[in-house]
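Working through the structure, step by step
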Amino acid sequence: MKKRILGFWEIWNMSFGFLGIQMGFALQNANASRILQIFGADVHELSWFWLIAPIMGLIVQPIIGHYSDNTWTKFGRRKPFFLLGAVLASIGMILIPQADFMIAILPALWVGAGMLMIMDASFNIAMEPFRALVADNLSDEQTTKGFSIQTALIGIGAVIGSWLPWMLTNWFGFEKTSSEGTVPESLLWSFIIGAVVLIGSILVTIFTTKEYSPEELAEFEKSENLEGESVKIEGEQPKAKLTDIFEDFRKMPKTMRQLSWVQFFSWFALFGMWVFAVPAIAQHVYGLPASDSSSEQYQEAGNWVGILFGIYNGISAIVAFLLPSIAKKITRKKTHAFCLFVGGIGLLMIYFTSTEYGLILPMILIGVAWASILSMPYAMLAGSIPPKKMGVYIGIFNFFIVIPQIINGIIGGPLVKYAYNDQAIFAIVVSGVGFIVAALLSLRIDDKLEINSI
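Here the structure is a predicted model, which is why all the values come from computation and not from measurement.

Regarding its fold elements, the chain presents 19 helices and 2 strands. By sequence separation, contacts in the chain at least 24 residues apart represent 83% of the contacts at least 6 residues apart. Looking at the chain as shown, the accessible area adds up to about 18,000 Å², and 67% of this sits on carbon and sulfur atoms.

The structure is reproduced here in structure tokens:
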């Protein structure tokens with residue numbers, strides 16, 4: 001028994017919810033530091049607030065992965081989890097830019113950080129069941145295509161989310177500045193619109209996609225050959241326990257262990273870029289002091305970073321469609337290594353750039369890396385793990401995304417303050433080096449699909 005070959009639009013609809021998830025994620029990535037600085041955070045404190053995101057991922061994703069693997073309702077296996085995550089994330093998105101209205105109860109900065117925590121936990125609830133759904137529904141031959149289409153939708157959503165504050169300001173006349181300590185009108189409405197799109201896109205996936213039943217997945221697993229051994233499922237299986245996560249971690253496949261190091265350096269680099277892009281560009285390109293977080297020029301820098309983030313996400317959406325054919329010719333691991341190297345060069349180029357338009361080329365190169373980061377590791381991973389453990393292993397795989405972010409979050413701020421003399425641009429340079437190290441480590445991966453085809 002084999003999984004059905006899905007058409008393009010079936011895969012598109014199955015992944016469509018990621019457009020809304022990534023729109024919200026892009027709004028957060030491009031504007032969270034800006035909002036926190038508006039509420040009073042210093043530049044060297046930003047990485048500490050951003051620790052909320054990876055900590056939530058470290059806690060939430062393996063647990064959600066475990067329960068989504070072992071839960072079946074009349075609404076499906078994965079669907080209830082990413083619908084719940086979407087609803088909670090939307091609430092956080094609506095509230096985070098309005099944290100100043102709650103200062104009668106708590107300091108606005110605390111409320112902003114709290115809403116950031118809600119958003120991050122909710123994005124994690126939604127994100128990994130979504131990736132597991134793609135792996136559940138697609139055969140090995142279609143996983144690269146499936147994750148590439150998902151990456152394209154991620155890119156489209158991220159472009160809209162990244163550009164939305166700029167569009168509301170320049171096309172629709174929303175205010176881009178505000179009184180000290182409050183979020184501009186354009187930013188406020190961007191998050192509200194993002195919340196609505198998030199719920200709508202998730203509902204498209206829920207109403208158009210059918211999940212395989214546990215019995216069907218069990219039949220698929222019987223015919224799979226994993227790590228060179230036939231998998232047999234006979235008799236009643238022991239009931240899965242939450243503590244099984246630790247045993248699953250210990251028994252993770254070799255391919256997953258090799259990918260973990262690639263993920264570590266990739267996401268250490270991404271975290272540094274997301275946290276410090278606004279202050280780095282405001283200082284390095286716009287010539288603003290590190291203490292400036294409210295001037296009109298600072299808001300322009302923040303809006304321009306949104307445009308730049310939209311560019312790299314837009315490029316990733318285009319490159320995503322090219323990756324399956326490239327990977328078929330030169331292998332997936334070499335494709336990933338090349339893309340990461342190109343992205344590393346792009347990040348290093350930012351240091352040598354002095355104009356806002358000169359930042360476009362580096363963002364194009366970063367977009368190439370982002371396309372591969374969102375698809376190639378998951379495509380290589382999906383072929384190396386048991387189908388019945390798909391959710392929990394994708395959740396565990398997230399350890400190697402969030403741990404480097406936690407480390408960067410702890411040391412990033414002090415490095416900027418004490419080692420870089422408050423010059424955030426050097427955090428971007430370190431991110432470039434991280435991408436290049438990840439590229440070299442990619443060449444060591446044993447990709448199951450490539451090994452089986454020899």
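The structure having been displayed, the exposition proceeds.
In this model, the chain carries an average pLDDT of 83, and 89% of its residues clear a pLDDT of 70 or more. Of all helices and strands in the chain, the one with the weakest mean pLDDT is strand β2 (residues 229-230) (42), whereas helix α18 (residues 425-442) scores best (97). Low pLDDT, under 50, characterises residues 225-237; the predicted model gives this stretch 21 contacts beyond four residues in sequence or across chains.

Before going further, it helps to examine the environment of L259. Mapping L259 onto the fold places it in helix α11 (residues 254-284). Classification of L259 by relative accessible area gives buried; the value is 0%. Sequence spacing of L259 and D447 is 188 residues, and the spatial spacing of their C-alpha atoms is 9.6 Å. The contacts of L259, once residues within four sequence positions are left out, are P377, M380, L381, F397 and I445.

We now examine the packing of helix α13 (residues 332-351) against helix α14 (residues 360-373). Where α13 contacts α14, the two axes come as close as 7 Å, and the packing angle between them is 150°. As the angle between them shows, α13 and α14 are arranged roughly antiparallel. Remark: the crossing between α13 and α14 carries left-handed chirality. On the side of α13, the interface is formed by T335, H336, C339, L340, V342, G343, I345, G346, L347, M349 and I350, while α14 contributes L361, P362, M363, L365, I366, V368, A369, S372 and I373. Residue composition of the contact of α13 with α14, by class: 15 nonpolar, 5 polar and no charged.

Burial of nonpolar side chains together is a common tendency in soluble globular proteins. By size, the foremost hydrophobic cluster in this structure holds 130 residues, and its most contacted members are I21, F123 and W274. At 16 residues, the largest contribution of residues to this core is made by α11.

Cut-offs and rules
- Residues numbered from 1 in each chain as written.
- Predicted model: local features only at pLDDT ≥ 70, side-chain atom pairs only at ≥ 80, totals over all residues.
- Heavy atoms only, no water.
- Helix = DSSP H or I, 4+ residues; strand = E, 2+ residues; numbered from the N terminus.
- Contact = heavy atoms within 4.5 Å.
- Areas by Shrake-Rupley, 256 points an atom, 1.4 Å probe, with all protein chains shown as cover.
- pLDDT = per-residue confidence, 0-100.
- Buried < 20%, exposed > 50% of the residue type's maximum accessible area, 1.4 Å probe, protein only.
- Axes fitted to C-alpha atoms, helices over the stretch in contact; angles between N-to-C directions.
- Parallel < 35°, antiparallel > 145°, perpendicular 65-115°, else oblique.
- Left-handed = near helix turned anticlockwise from the far one by under 90°.
- Nonpolar A, V, L, I, M, F, W, Y, C, P; charged D, E, K, R; others polar.
- Core = buried A, V, L, I, M, F, W, Y, C linked by side-chain atoms within 4.5 Å.

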